[in-house]
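Next come the chains, spelled out residue by residue.
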Amino acid sequence: MTKIATARRSRSITTEEVLLILCHSVTEVLGNAGNDQVNYSPMVQKINKTCLRPDIGCFVLFDGGFSGLLIINFTAESAMEIYRKYMLSMGMPENELSQFHTADEVGNVMGEIMNQIVGDFTNKVRHQLKTSITQSQPKMMAMNKQVQISVNTTLDQPQSRRVTFDTESNNI
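All figures in this text were calculated on a predicted structure; none of them were measured in a lab.

The rules we used
- Residues numbered from 1 in each chain as written.
- Predicted model: local features only at pLDDT ≥ 70, side-chain atom pairs only at ≥ 80, totals over all residues.
- Heavy atoms only, no water.
- Helix = DSSP H or I, 4+ residues; strand = E, 2+ residues; numbered from the N terminus.
- Rg over C-alpha atoms; globule rule 2.2 N^0.38 Å.
- Buried < 20%, exposed > 50% of the residue type's maximum accessible area, 1.4 Å probe, protein only.
- Areas by Shrake-Rupley, 256 points an atom, 1.4 Å probe, with all protein chains shown as cover.
- Lys, Arg positive; Asp, Glu negative; His and termini not counted.
- Charge placed at Lys NZ, Arg CZ, Asp CG, Glu CD.
- Axes fitted to C-alpha atoms, helices over the stretch in contact; angles between N-to-C directions.
- Parallel < 35°, antiparallel > 145°, perpendicular 65-115°, else oblique.
- Left-handed = near helix turned anticlockwise from the far one by under 90°.
- Contact = heavy atoms within 4.5 Å.
- Nonpolar A, V, L, I, M, F, W, Y, C, P; charged D, E, K, R; others polar.
- Salt bridge = Lys/Arg side-chain N within 4 Å of Asp/Glu carboxyl O.

(A) Broad picture of the overall build of the chain. If you tally the helices and strands in the chain, you get 4 helices and 10 strands. In terms of C-alpha radius of gyration, the chain reaches 17 Å, essentially the compact-globule figure of 16 Å for 172 residues. Summarising its shape, the C-alpha atoms of the chain cover approximately 60 × 35 × 25 Å along the three principal directions. The buried share of the chain, reckoned over its 172 residues, is 35%. Of the roughly 10600 Å² of accessible surface on the chain, 49% is carried by carbon and sulfur atoms. A distance of 13 Å separates the average location of the 16 positive side-chain charges in the chain from that of its 17 negative side-chain charges.

(B) Expanded view of the packing of helix α2 (residues 15–32) against helix α4 (residues 104–128). Across the interface, α2 lies against α4 with an axial gap of 9 Å and an inter-helix angle of 135 degrees. Between α2 and α4, the angle falls in the class oblique. When you trace α2 past α4, the crossing you get is right-handed. Facing Val18, Ile21, Leu22, His24, Ser25, Val26, Glu28, Val29 and Leu30 of α2, the residues of α4 in contact are Ile113, Gln116, Ile117, Asp120, Phe121, Lys124 and Gln128. Residue classes in the contact of α2 with α4 are distributed as 9 nonpolar, 4 polar and 3 charged.

(C) Spatial organisation of the pattern of salt bridges. Per the stated rule, a full pass over the model turns up 6 salt bridges. Note that Glu16 is salt-bridged to Arg161, the shortest N-O span being 2.6 Å. Taken together, the positions of Glu16 in helix α2 and Arg161 in strand β9 (residues 160–162) put the pair 145 residues apart, joining distant regions of the chain. Lys85 is the salt-bridge partner of Glu81, the closest N and O atoms lying 3.5 Å from each other. One end of the pair is Glu81 and the other is Lys85, both in helix α3 (residues 76–89) and 4 residues apart, which spans about a single turn. Here Glu81 matches Lys85 in class, with each residue buried. When salt bridges with common partners are traced through the structure, they connect Glu28, Asp120 and Lys124 into a single cluster.

This is the structure:
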């Protein structure tokens, strides 16, 4: 094996690089779901705690090559924009769409989209990082108060990051 291959192979993958893989999964899946103009901020914030926030939040647990908790929060406006574009791209007539982010159908569709994002992410992790992770079923819920979530496990060096996405209509 050459020195370059050995050096390349021994390089550590950072949390930010894993987050970037996730960001690509989010934008690709939402793009395929009729939301072409979803972008993420290049600014990554290091945070101390993770929370489900109003109006719609979703969480997924990961385990395997690395362990983690993924939380994605949507404002009512961003959830409705994503839901609407997804359903219209699937051929649903506009007059049959739910009007409120609290509707079960909106939560179900957002949960399905989240499931696709997580599936794409785990597939990318398997191919790009050469490791395997499993995940729990995404849990999506509408809420009006912030809920803090933590994983009851011992992690050597727990790390939390936040990145912001925006939609075509500038909803965050």
